[in-house]
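If you want the building blocks of each chain, they are given just below.
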Amino acid sequence: MPVYFTKEHEWISVEGDVATVGISNHAQEQLGDIVFAEVPEAGRRVSKGQEAAVVESVKAASEVYAPVSGEVVDVNKELEGDPALVNREAESGAWFMKVKLADKAELNDLMDKAAYDIFVAGK
């Protein structure tokens, strides 16, 4: 599955017309110990660039933005009971939502892993 990243530090993996969304390892490192996560309701429509979820750490609260538009078809309820999962599995088991893509062309604006690594390194 291809994995993409946003400048706001979300990651997205795509399988067919469904995208799984979470925050990057870099983001969770910057936030520190995660103490709260709020996921959207299944069935909610999200728009690219708009707030879709919330994550809070001992340092700060941060919005999780939708990297694509579409309908939320599944959410990771495990995060609400174990928000520290984000610290342990940021780019795998700690996904926030799955979104049925409204327009695959929105993926064209996202970065691949190599481009994201350059972006976070500030080069």
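Reference entry: report on the structure contained in this document. None of these values were measured; they are calculated from a predicted model.

Note that Ser69 resides in the loop between strand S7 (61–65) and strand S8 (70–75). According to the relative accessible area criterion, Ser69 is buried, its value standing at 15%. Side-chain polar atoms of Ser69 contact the backbone nitrogen of Lys48, separated by 2.9 Å.

Another aspect to go through is the nonpolar core. Counting 29 residues, the largest nonpolar core has Ile12, Ile23, Leu79 and Phe96 as its most contacted members. Those elements that place two or more of their residues in this core are strand S2 (10–15), strand S3 (18–23), helix H1 (25–31), strand S4 (34–38), strand S6 (51–57), S8, helix H3 (85–88) and strand S9 (97–101). For Ile12, the contacting residues outside a window of four places in its chain are Pro2, Val3, Tyr4, Ala19, Thr20, Val21, Pro67, Val68, Leu107 and Leu110. Counting five residues, the second largest nonpolar core, distinct from the first, contains Phe5, Trp95, Met111 and Tyr116.

The rules behind these values
Residues numbered from 1 in each chain as written. Predicted model: local features only at pLDDT ≥ 70, side-chain atom pairs only at ≥ 80, totals over all residues. Heavy atoms only, no water. Helix = DSSP H or I, 4+ residues; strand = E, 2+ residues; numbered from the N terminus. Buried < 20%, exposed > 50% of the residue type's maximum accessible area, 1.4 Å probe, protein only. Polar contact = N/O pair within 3.5 Å; in protein donor to acceptor, adjacent residues only side chain to side chain. Core = buried A, V, L, I, M, F, W, Y, C linked by side-chain atoms within 4.5 Å. Contact = heavy atoms within 4.5 Å.

Function cannot be inferred from these measures alone, as they are strictly geometric.
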